[in-house]
Amino acid sequence: MRIGIATDHGGFGLKVDLIVHLREGGHEVVDFGADGLNSGDDYPDFVIPLARSVAAGRVDRGIAVCGSGVGASICANKVHGARAALILDHFSARQGVEDDHMNILCLGGRIVGPSAAWELVQAFLAAEPSQEERHLRRLRKVASLDTDTARGNTEA
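Per chain, residues are indexed from 1 in the order of the written sequence. Owing to the predicted nature of the model, reporting of local features is limited to residues with pLDDT of at least 70; listing and counting of side-chain atom pairs is limited to 80 or more, with chain, interface and lining totals taken over all residues. Computation of side-chain values covers all heavy atoms of the structure but excludes hydrogens and water.

(A) Region of interest: the nonpolar core. Nonpolar cores were defined as sets of buried Ala, Val, Leu, Ile, Met, Phe, Trp, Tyr and Cys residues, with membership established by side-chain atoms within 4.5 Å. With a 1.4 Å probe rolled over the protein chains alone, any residue whose accessible area is under 20% of its type maximum counts as buried; one over 50% counts as exposed, and the rest are partly exposed. Counting residues in hydrophobic clusters, the biggest one holds 24 residues, and the most contacted among them are L14, L18, L22, I63, L107, V121 and F124. Note on conventions: DSSP H or I runs of at least 4 residues are helices, E runs of at least 2 residues are strands, and numbering of each starts at the N terminus. Taken together, the elements giving at least two residues each to this core come down to strand 1 (2–7), helix 1 (12–24), strand 3 (61–66), helix 4 (90–100), strand 5 (104–108) and helix 5 (114–126). In terms of residues, this core owes the most to one element, helix 5, which gives 7 residues. Within the second largest apolar cluster, 20 residues are counted, among which are A34, F46, V54 and C106.

This is the structure in structure tokens:
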């Protein structure tokens, strides 16, 4: 699988560790940065290109890491076609792909250790999106929000 990965300073060490595991697992890794540890960098500079690449199909799935994982998740979800979530457990890593077609796994470099993070990545990569009608129906309802927002309908 072709995997994109991005981080800021808050997840730099975890990103380096995950890249080693991914390559050892036979995956092609596209590194969107950061290329070095710089406490002044900003996660959007790395997460946005990753999310755009996932949405465009240039990589199969993405992993975005920042200090907590929250900022990376919010940022990635601003890109049309990106379906990102902060994941802290195995069930959600798998179920997010299967039921919700999540294509970007977000992790907190200051929250989850390297062993646990690798286990979450493995669950994420092993999962396949469901084609069950109930899941597709829900995804269509979520996708309709993009159309509503584009038309200026922001009412509850």
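(B) Here's a closer look at the packing of aromatic side chains. Each Phe, Tyr or Trp ring (for Trp, its six-membered ring) is paired with any other whose centre lies within 6.5 Å, and the angle between the two planes then decides the class: stacked below 30 degrees, edge-to-face above 60, tilted in between. Scanning the entire structure with this criterion turns up 0 aromatic pairs. The ring of F124 is capped by R61, whose NZ or CZ atom sits 5.4 Å from the centre of that ring. Whether a charge sits over a ring depends on NZ of Lys or CZ of Arg being within 6 Å of the ring centre and within 35 degrees of the ring normal.

(C) Molecular detail of helix 2 (residues 44–56). For helix 2, built from 13 residues, the straight-helix expectation of 18 Å at 1.5 Å per residue is met to within 8% by its first-to-last C-alpha distance of 18 Å. When we look at burial in helix 2, the residues that qualify are F46, V47, L50, A51, S53 and V54. Each buried residue of helix 2 sits inside an arc of 160° when the element is viewed along its axis, so together they form one side. What points out from helix 2, more than 90 degrees from its buried face, is the exposed set D45 and R52. Contact between two residues is taken to exist if any of their heavy atoms lie within 4.5 Å; hydrogens are not considered. The elements touched by buried residues of helix 2 are strand 1, strand 3, helix 3 (70–76) and strand 5. G57, located one to two residues past helix 2, shows a positive phi value of around 80°. In this scheme, a helix's expected span is set at 1.5 Å multiplied by one less than its residue total. Think of the arc as the fan of directions from the helix axis to the C-beta atoms.

(D) Local environment of the pattern of salt bridges. Basic side-chain nitrogens of Lys or Arg form a salt bridge, by our definition, when they fall within 4 Å of a carboxyl oxygen of Asp or Glu. Tallied over the full model, the rule gives 5 salt bridges. Here E98 makes a salt bridge to R94, at a shortest N to O gap of 2.8 Å. With E98 and R94 both in helix 4 and 4 residues apart, the pair spans about one turn of that helix. Taking the relative accessible area as the measure of exposure, E98 reaches 23% and is therefore partly exposed. Classification of R94 as partly exposed rests on a relative accessible area of 34%.

(E) The arrangement of the packing of helix 1 against helix 5 in detail. Running from N to C, helix 1 and helix 5 cross one another at 50°; their axes reach a closest spacing of 10 Å. As summarised for this structure, helix 1 and helix 5 are arranged oblique, according to the angle between their axes. By crossing handedness, the relation of helix 1 to helix 5 is classed as right-handed. On helix 5, the residues touching L14, D17, L18, H21 and L22 of helix 1 are P114, A117, W118, V121 and L125. Tallied by class, residues from the contact of helix 1 with helix 5 come to 8 nonpolar, 1 polar and 1 charged. Every axis corresponds to a line fitted to the C-alpha atoms, with the helix fit spanning only the stretch in contact, and the corresponding angles, defined between N-to-C directions, vary from 0 to 180 degrees. Angle categories: roughly parallel below 35 degrees, roughly antiparallel above 145, roughly perpendicular from 65 to 115, and oblique for all the rest. The crossing is said to be left-handed when, going from far helix to near helix, the turn is anticlockwise and less than a right angle, and right-handed when the turn is clockwise. Three classes are used: nonpolar for Ala, Val, Leu, Ile, Met, Phe, Trp, Tyr, Cys and Pro, charged for Asp, Glu, Lys and Arg, and polar for all others, with Gly counted as polar.

(F) Just the sheet that holds strand 5, in detail. What the 5 strands build is an open sheet, ordered 2-1-3-5-4; its pairing is parallel. Either end of the sheet is taken by a strand with one partner, and the two such strands are strand 2 (28–31) and strand 4 (84–86). Going across the sheet, the axis of each strand differs from the next one's by a mean of 25°, ignoring polarity. Sheet contacts for helix 1: strand 1, strand 2, strand 3 and strand 5; angle to strand 1, the most-contacted strand, approximately 170°. Running over the sheet, helix 5 touches strand 1, strand 3 and strand 5 and is turned about 170° from strand 5. The pairing criterion for strands is at least two bridges between them, as found by DSSP.

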